[in-house]
Amino acid sequence: DTAPSDAAESNETSDVVSPVTPSDKPLDAPSSTATTAKSTDQPDWINSINLRPNEVLTQLNRHIVGQASAKKAVAIAMRNRWRRRQLPAALLKEVTPRNVLMIGPTGCGKTEVARRMAKLSDAPFLKVEATKFTEVGYHGRDVDQIVRDLMDVSMALTKKRQMEKLREEAKLIVEDRILDILVGPEFSGTKGQRESFRGMLEEGLLENQELEIDVPENLGAAAGGKDGDGAVLAFGTDSNSMSAQAIGDMLKKLGAGGGGNRGGGRPGMEKKKMPISEAREVILEIEIEKMLEKVDLKKEAINAAEESGIVFIDEIDKICSSKDFNSKSADASAEGVQRDLLPLVEGTTISTKYGNVNTDYMLFIGSGAFHAVKPSDMLPELQGRLPIRVELSGLTEDDLYKILTEPEANLVIQQIELIKTEGVVLTFNDDALREIAKLAAHLNKTVENIGARRLHTVMERIMEEISFQAAEMDTAEEVKVTKELVQERLSHVMTTSDLSKYIL
C-alpha cells in the first residue's frame, strides 16, 4: 500500500482558509434500491461529509503544494465515510474505515493536510499529539481522553447546527416576547395598544427604549457548548470524569436553591436592564436554548462522533523505540501508549460525560517523520491497524519556490500585506524569490532539514531591517527586495553554515 509521492510538499506557512461549500451538482445517485431507501432518512450531519474526492483535492491544492498521494489518500478516506452511510443496514455494520499512516520528513506537510481537512469537513475532527499521552497507571493523560475531547467537539458542532436550524423560528417569537414586556401578555385586553407598539418596533423607533429582562446566569457558558462545567475546573478536576459531573450537578443545585436568586427573580436568573437593540439578541439566545431542551443533543452528538469522527494522531513516531537497542525504555510516553492505542484504533467503548461512545467506525490517521525509528519499529498490531501507508517526499528547491508563490496566502503575500499596513509598498523580484528558495534548500542540506519551515527563517532574516524601519518610512514609499539584497542579508548565515559541519 506504499505510494511514494513524486510531487512537492505542503505549504506549512499559510493560515487563511476560505469557506468551502459542497458542489451544487447533485450527488451521484446510489445504485441499489436498498441504498436509495436508506439515504432518504439520513441524519443532518451526513451533509457535512459529502464532498467528492476531486473537490477535496481542489481545496487542498489551494493551500498545499504537491504531495498528491497524501491528498488522494485523505480525500478517499473522507468520501468513504459518506459512501458507507449509503449502504443497506445489513452491510453497514460490516464496513470499517481504512486507517491511514502518513510518513515523511519534518516540514513536508503532514500536519498541514490535517489542518486543512478539519476546515473542509464539518464532521467532528480532532488533532492530537501522541507525545502528550502516558500509559495507564502513570500521572498524565491516558488515550481515552482522545475520545472524550472528540465528543466535546461533536457536541459543540451538533449544538451549533441545531441552533442555526432553530434561529429563524426563534426570531418570530422574539418580537412577541419584547411586546409582552412592554405592554403585557397578549390575552390581557391590550390588543390595540399591542399592535401600535408592534408597528413602532418594526419601524425601529423603540431601539433605545430600555427593558428589564430575566437572563439565565449561565447563558454565556451554555452558548459556548460547555454546559457550564467551567466551575468544576477550579477544583483541578478533569471536567470529563464522572466525579467532576457529580460535583457540577451538586453546585448547580446549590446555586439554584441558595444564592442563585438575586434580584428577586426566578431561581438561576438575574434581572438586567438593556436597550431593545441589545435585548433582541439576548432574548433570541434564551428562546433558542428553550427550544434546544426538546432536542436530544447528546444522542445526535454521539452518533455523529461514532459514524463520522476523524482523529489525527501526530508525532506517532515519537512513541516508538528502536529495536536495535535491547534495553527496555522506562519512558511512560513510549510503547505503553502504543499498547493503549490498540483497542482504541481497533474499536472499543469509552465512557464519557455524554454517555458511552463506540470507536469501531471512527477514522484514525497517524503521522510521523520516522527519522530515528522505522515504521516497522511500531508494535505489529498497531501497524496492522493502520493499513494504508502514504510516503511524503522531501522538499526540493523548486518545491520551496512553489510554496513561496502558489498558495493563496503564501509567505510573500503575508509580508507584503503586513508592510502595507504602514503605508509602504513592498515588492519582491522573481530572481529574489528564486534565491530565497535556493538558500533555504542549501541550509536544509547543510544544517538540518526542517522542510518548509526553513522559509520562515530565511524570510525573517531578509525582512528584519525593512520591518524595523517601515514605521518611519514615508507613505507610498516603495521597497524592492532584489537578489543582491537577499544575498547580502544571508551572507553571514551562509558563511557560518559552511563551517558548522567541522565544529566538534
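Preceding block: the structure.
To start, this report covers the structure provided alongside it. All of these numbers come straight from a predicted model, not from anything done at the bench.

### Observations concerning the nonpolar core
Counting 58 residues, the largest nonpolar core has Ile-146 and Leu-341 as the members making the most contacts within it. Broken down by secondary-structure element, the contributors of at least two residues to this core are strand E2 (100-103), strand E3 (125-129), helix H6 (144-183), strand E4 (210-216), helix H10 (276-292), helix H11 (297-308), strand E6 (310-314) and helix H12 (335-346). What Leu-341 contacts, discounting residues up to four positions off in sequence, is Val-143, Ile-146, Ile-313, Ile-319 and Leu-382. Core analysis: the second largest hydrophobic core is formed by 36 residues, Val-424, Ile-462, Leu-485 and Leu-490 among them.

### Some thoughts on the pattern of salt bridges
In total, this model carries 28 salt bridges according to the counting rule given. Of the charged contacts in the structure, one is a salt bridge between Glu-281 and Arg-167, with a shortest N-O distance of 3.8 Å. One end of the pair, Glu-281, is in helix H10; the other, Arg-167, is in helix H6, with 114 residues separating them in the sequence. The class of Arg-167 is buried, set by a relative accessible area of 17%. One connected set of salt bridges, linked through shared partners, spans Lys-127, Glu-129, Lys-132 and Asp-314.

### Brief notes about the side chain of Ser-367
By secondary structure assignment, the location of Ser-367 is in strand E9 (residues 363-368). Classification of Ser-367 as buried rests on a relative accessible area of 0%. There is a polar contact of 3.1 Å between the side chain of Ser-367 and the side chain of Asp-314. Residues contacting Ser-367, with those up to four places away along its chain left out, are Leu-101, Met-102, Lys-110, Phe-312, Ile-313, Asp-314, Glu-315, Ile-316 and Asp-317.

### Brief notes about the pairing of strand E7 (residues 349-352)
Burial along E7 is one-sided: Ile-350 and Thr-352 are buried, and none of Thr-349 and Ser-351, which face the opposite way, are. Sheet analysis places E7 next to strand E8 (residues 355-358), joined by four bridges and oriented antiparallel. What sits directly across from Ser-351, in E8, is Asn-356. Taking the residues between adjacent antiparallel strands as the criterion, E7 and E8 are bridged by two residues.

### A few points about the packing of helix H14 (residues 397-405) against helix H16 (residues 430-446)
Where H14 meets H16, the axes come as close as 8 Å, and the angle between the chain directions of the two elements is 130°. Here H16 runs oblique to H14, going by the angle between their axes. Crossing of H14 against H16: the hand is right-handed. Residues Glu-397, Asp-398, Leu-400, Tyr-401, Leu-404 and Thr-405 of H14 lie in contact with H16, whose contacting residues are Asp-430, Leu-433, Arg-434, Ile-436, Ala-437, Lys-438, Ala-440 and Ala-441. Partitioned by chemical class, the residues of the contact of H14 with H16 number eight nonpolar, one polar and five charged.

Cut-offs and rules
Residues numbered from 1 in each chain as written. Predicted model: local features only at pLDDT ≥ 70, side-chain atom pairs only at ≥ 80, totals over all residues. Heavy atoms only, no water. Core = buried A, V, L, I, M, F, W, Y, C linked by side-chain atoms within 4.5 Å. Buried < 20%, exposed > 50% of the residue type's maximum accessible area, 1.4 Å probe, protein only. Helix = DSSP H or I, 4+ residues; strand = E, 2+ residues; numbered from the N terminus. Contact = heavy atoms within 4.5 Å. Salt bridge = Lys/Arg side-chain N within 4 Å of Asp/Glu carboxyl O. Polar contact = N/O pair within 3.5 Å; in protein donor to acceptor, adjacent residues only side chain to side chain. Pairing = 2+ DSSP bridges. Axes fitted to C-alpha atoms, helices over the stretch in contact; angles between N-to-C directions. Parallel < 35°, antiparallel > 145°, perpendicular 65-115°, else oblique. Left-handed = near helix turned anticlockwise from the far one by under 90°. Nonpolar A, V, L, I, M, F, W, Y, C, P; charged D, E, K, R; others polar.

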